[in-house]
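What follows is the residue order along each chain.
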Amino acid sequence: VCVAGYGQSDGNEILQLIPPPTLLTKETQGLCPERDFKVECGGFSERPVYSLKYVPDTSLLVTSGPPDSSLQVWQVSAEDSDVIKSVSTIATENGTGQSWAKIATISARAPWVLHGSRLDRVQITEVESRKNVYTAASQGSEELSNLAFLDCNMLLLCCATGRLCLADIRQPQSLMEAVSVPSAPCSEQWCMGTRHGAQGLETSSQPVARLSSRGLLALTDLRKTSEFLALAKVRVPSPGSGAEFLCVSWAPALEGYLAISGFDGTVHVYDTQSWDSSGREAEPIFVHKGHTFGGAGGSRDPPLVTVHTWHLQKPRTLLSAASDGSLHVWDWVQPCGKC
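Keep in mind the model is a prediction, meaning the values are calculated, not measured.

Engineer: Explain the overall build of the chain to me, using residue names and the numbers behind them.
Structural biologist: If you tally the helices and strands in the chain, you get one helix and 26 strands. Scored against the burial criterion, the 339 residues of the chain give a buried share of 50%. Considering only contacts within the chain whose residues lie at least 6 apart along the sequence, 49% involve residues at least 24 apart. About 16,600 Å² of surface is accessible on the chain, with carbon and sulfur atoms providing 49% of the total.

Engineer: Give me the pattern of salt bridges: which residues, what numbers.
Structural biologist: Pairing between side chains of opposite charge can happen when their charged atoms approach one another. Counting across every chain of the model gives twelve salt bridges. Among the salt bridges present, the one from Lys 224 reaches Glu 227, with a minimum N-O distance of 3.6 Å. The exposure class of Glu 227 is partly exposed, given its relative accessible area of 40%. The salt bridge partner of Arg 280 is Asp 276, with a shortest N-O separation of 2.9 Å.

Engineer: An account of the nonpolar core is needed here, citing residue identities and associated values.
Structural biologist: Leu 114, Ile 124, Phe 149, Leu 155 and Leu 157 are the most contacted members of the largest nonpolar core, which has 20 residues in total. Residue assignment for this core shows that the elements contributing at least two residues are strand S8 (102-106), strand S9 (112-116), strand S12 (144-149), strand S13 (154-159) and strand S14 (164-168). Counting 18 residues, the second-largest nonpolar core is a separate cluster that includes Leu 219, Ala 230, Val 248 and Ala 282.

Engineer: For empty space enclosed by the protein, give the residues involved together with the corresponding values.
Structural biologist: Taken as a whole and assessed by the stated rule, the structure comprises one cavity of 30 Å³ or more. The computed volume of the largest cavity comes to approximately 40 Å³. Across the lining of the largest cavity, the residue classes tally to four nonpolar, four polar and two charged.

Engineer: Pulling in residues and values, what's your account of the packing of aromatic side chains?
Structural biologist: For the structure on display, the rule yields five aromatic pairs. Aromatic side chains Tyr 50 and Trp 100 sit 5.2 Å apart centroid to centroid with 75 degrees between the ring planes, which places their arrangement in the edge-to-face category. Linking Tyr 50 in the loop between strand S3 (38-45) and strand S4 (51-54) with Trp 100 in the loop between strand S7 (84-90) and S8, this pair joins segments that are 50 residues apart in sequence. You can call Tyr 50 partly exposed: its relative accessible area is 28%. For the ring pair Tyr 270 and Trp 275, a centre distance of 6.0 Å and an interplane angle of 65 degrees mean the geometry is edge-to-face. In this pair, the class of Tyr 270 matches that of Trp 275, namely buried. Its end group placed over the ring of Trp 100, Lys 102 keeps NZ or CZ at 4.1 Å from the ring centre. Over the aromatic face of Trp 332 sits the side chain of Arg 316, whose NZ or CZ is 4.9 Å from the ring centroid.

Reading the values: the criteria
Residues numbered from 1 in each chain as written. Predicted model: local features only at pLDDT ≥ 70, side-chain atom pairs only at ≥ 80, totals over all residues. Heavy atoms only, no water. Helix = DSSP H or I, 4+ residues; strand = E, 2+ residues; numbered from the N terminus. Buried < 20%, exposed > 50% of the residue type's maximum accessible area, 1.4 Å probe, protein only. Contact = heavy atoms within 4.5 Å. Areas by Shrake-Rupley, 256 points an atom, 1.4 Å probe, with all protein chains shown as cover. Salt bridge = Lys/Arg side-chain N within 4 Å of Asp/Glu carboxyl O. Core = buried A, V, L, I, M, F, W, Y, C linked by side-chain atoms within 4.5 Å. 1 Å grid on protein atoms, 1.4 Å probe; cavity = no way out; pocket = protein on both sides within 12 Å on 5 of 7 lines; lining within 4 Å. Points joined across faces, edges and corners; volume = space filled by probe spheres on them. Nonpolar A, V, L, I, M, F, W, Y, C, P; charged D, E, K, R; others polar. Phe/Tyr/Trp six-rings, centres within 6.5 Å; stacked < 30°, edge-to-face > 60°. Lys NZ or Arg CZ within 6 Å of the ring centre and 35° of its normal.

In structure tokens, the structure reads:
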């Protein structure tokens, strides 16, 4: 597990952690004496790390963060060293003055990174040679919230306005737009989550979830982008407040389950299989509140969950991190009424 700091100082840590033994076993075990992560290697970033992605099948990490849209490439050191070192920078054309780049990685053909801060500045760069592989056609200058590889040819781009576009790197001038999100105040921000790691799931049928800062969830099937698969409203503590840490993710090993975070110190898990397009309020089947009880107390603000992700093999195991530096691994239990 790799983590990094996002403070404005020039001493933000990048760490590779070894999970506790209980997380490495395939079978569910009881109490385990070793319950903490251990630092395997680490380094320091001179800039805040707003996004960190591992490059599959390599020992490389790619990070991004202010003050511009350039990327930093890191080498996770060999067994005889405990240092994560910076090896190169991927500069972007007219990157100065642009917001930080959103990133996604893949190694289907070669180690690639998909990156961009705005819809008209999306490109794919080969990580090791820094060669430009693809540049998307200009389709407006809206700020991006997420990028994703669907496979080695298909890309999915989500704007902060909720606009969703499909791109094919074999046809650089072609961008296909999915159904627009419900009309809302211009201050509303959106993010997306795609389903990865699902065994036997066709690429073309990957469901996409879009989450707004007001708590709206819009589900889309990429086989039929002209209509919504489902719409729902979730309860959030302060609708429309910040959207800096909005996160929605599909469970890779459970059909129809997703989790959301970024509104407060909790992570909510939902079963979407009974949802329709009515937009009615949805109830979570589980709420993780562990981060809210781990703060330092006093007058400090309560922790805010900054990101979460699902374990790829353990169906009901998630990892979540918060603004107080805490990292949790936790399981949720199916409600008895649905056993």
